[in-house]
Amino acid sequence: MEANIQDHESGSCPLADNIQGLSSSNLALSLKRSSKCAESASKETFTSAGNVIKTEVSMAESFQNVEKSSKTCDIPNEESSIKFDYKPELLSEEVLKPDCQNYVCESKPSWRPYKWLEQLSNIREMRKSRDAPVDTMGCDVISDSKAPPKDYRYQVLLSLMLSSQTKDQVTSAAMGRLREHGCNVSNILSTSDDVLGQLIYPAGFWKKKVKYIKQTSEILANKYGGDIPNSVEDLCSLPGVGPKMAHLVMKCAWNTVTGIGVDTHVHRITNRLGWVQKPTKQPEDTRKELEDWLPRSYWSEVNHLVVGFGQQICLPVRPKCDQCLNQSICPFKK
């Protein structure tokens, strides 16, 4: 392109001084090129011969230098200076439960029963003497803690299998006879069904439990080297073992909290206290409801506390509401 654009060294404006000397087509091209160069902050300038010369500092770099220098000034950011005074008041035990929908997660407090923490504190107070049957005849107490670890864990499992539909006193007596007989996997497998039945009688459904104990012991010997499984899933795969037993075995035998053990006492009392959003019909439904809102730090004590409370005060029939510290805040109180 031939354009009568003078060198910048002459001191005159190349485009303004020579605009009349340009043809209409060259003028349009020059204006277009000038506009394009200004918008993109290009590093290119043109000589009168149309050659491209690379400048040492471009317009874009100049703007960057200005931005860098402006960072040293304290310019208030209007958005960052906005402050919100709203602070939701939550209990110290509140746990925020993420609610994820459409790939967006928002934290919000989950449902909590009315005055549940006060109710729990009152149950602790009523249970501080630790003199309920579960305290002296629980699965961990009636198992031989001095036995080899494998045998102790096996006894914890058997005691829970025997406790189903059976009073603690009957379960404790049966475990005493089993321990005296020799309560380990190999010895129980070598014991006849008749003798085993005599040892555990009169536990509820004792004939069926003889079958479950023999089948479970055989699985433990062949698959787990005489020990018991260390997961809820594997424990529930054993004959006669459900979620309630599995979670209690994990806590008492493996010292691991995996869930809340919900038996008939826990099922009954948590429904009475309103610890479920709506009444539940099965203990397993109650367990899921409790684990959905109760902070995990309380899981390990709930079964033991509530079972003893149900054995002494919150009885299935004619509960002793007049002796209960929760009588003023219990929905069930008549």
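Residues numbered from 1 in each chain as written. Predicted model: local features only at pLDDT ≥ 70, side-chain atom pairs only at ≥ 80, totals over all residues. Heavy atoms only, no water.

Per an unreviewed UniProt entry, the chain goes by Endonuclease III homolog and derives from Biomphalaria pfeifferi. In its Catalytic activity (unreviewed entry) section, UniProt records this for the chain: "2'-deoxyribonucleotide-(2'-deoxyribose 5'-phosphate)-2'-deoxyribonucleotide-DNA = a 3'-end 2'-deoxyribonucleotide-(2,3-dehydro-2,3-deoxyribose 5'-phosphate)-DNA + a 5'-end 5'-phospho-2'-deoxyribonucleoside-DNA + H(+)". (UniProt positions renumbered as here; feature names shortened; annotations may be inferred.)

Caption draft 1: Summary view of the pattern of salt bridges. All told, the structure shown has 8 salt bridges when counted by the stated rule. Of the charged contacts in the structure, one is a salt bridge between K214 and D193, with a shortest N-O distance of 2.8 Å. Of this pair, K214 sits in helix α10 (residues 206–223) while D193 sits in helix α9 (residues 193–200), placing them 21 residues apart in sequence. Residue K214 is classed as buried on the basis of its relative accessible area of 16%. For D193, a relative accessible area of 45% gives the class partly exposed. Taken together, the shared-partner salt bridges connect E284, R287 and E291 into one network. (Salt bridge = Lys/Arg side-chain N within 4 Å of Asp/Glu carboxyl O. Helix = DSSP H or I, 4+ residues; strand = E, 2+ residues; numbered from the N terminus. Buried < 20%, exposed > 50% of the residue type's maximum accessible area, 1.4 Å probe, protein only.)

Caption draft 2: Quick look at the packing of helix α13 (residues 264–273) against helix α14 (residues 283–293). Look at α13 against α14: their axes get within 9 Å of each other, and the N-to-C directions meet at 55 degrees. With respect to α14, the axis of α13 lies oblique. Here α13 runs over α14; the crossing is left-handed. In this structure, α13 uses V266, H267, T270 and N271 to contact α14, whose residues at the interface are P283, T286 and L290. The class makeup of the residues in the contact of α13 with α14 is 3 nonpolar, 4 polar and no charged. (Axes fitted to C-alpha atoms, helices over the stretch in contact; angles between N-to-C directions. Parallel < 35°, antiparallel > 145°, perpendicular 65-115°, else oblique. Left-handed = near helix turned anticlockwise from the far one by under 90°. Contact = heavy atoms within 4.5 Å. Nonpolar A, V, L, I, M, F, W, Y, C, P; charged D, E, K, R; others polar.)

Caption draft 3: Representation of the side chain of T166 within the structure. Assignment of secondary structure puts T166 in the loop between α6 (149–163) and α7 (168–181). A distance of 2.9 Å separates a polar atom in the side chain of T166 from the backbone nitrogen of G204. A distance of 3.1 Å separates a polar atom in the side chain of T166 from a polar atom in the side chain of K209. Not counting residues within four places of it along the chain, the set of residues in contact with T166 comprises T171, A203, G204 and K209. (Polar contact = N/O pair within 3.5 Å; in protein donor to acceptor, adjacent residues only side chain to side chain.)

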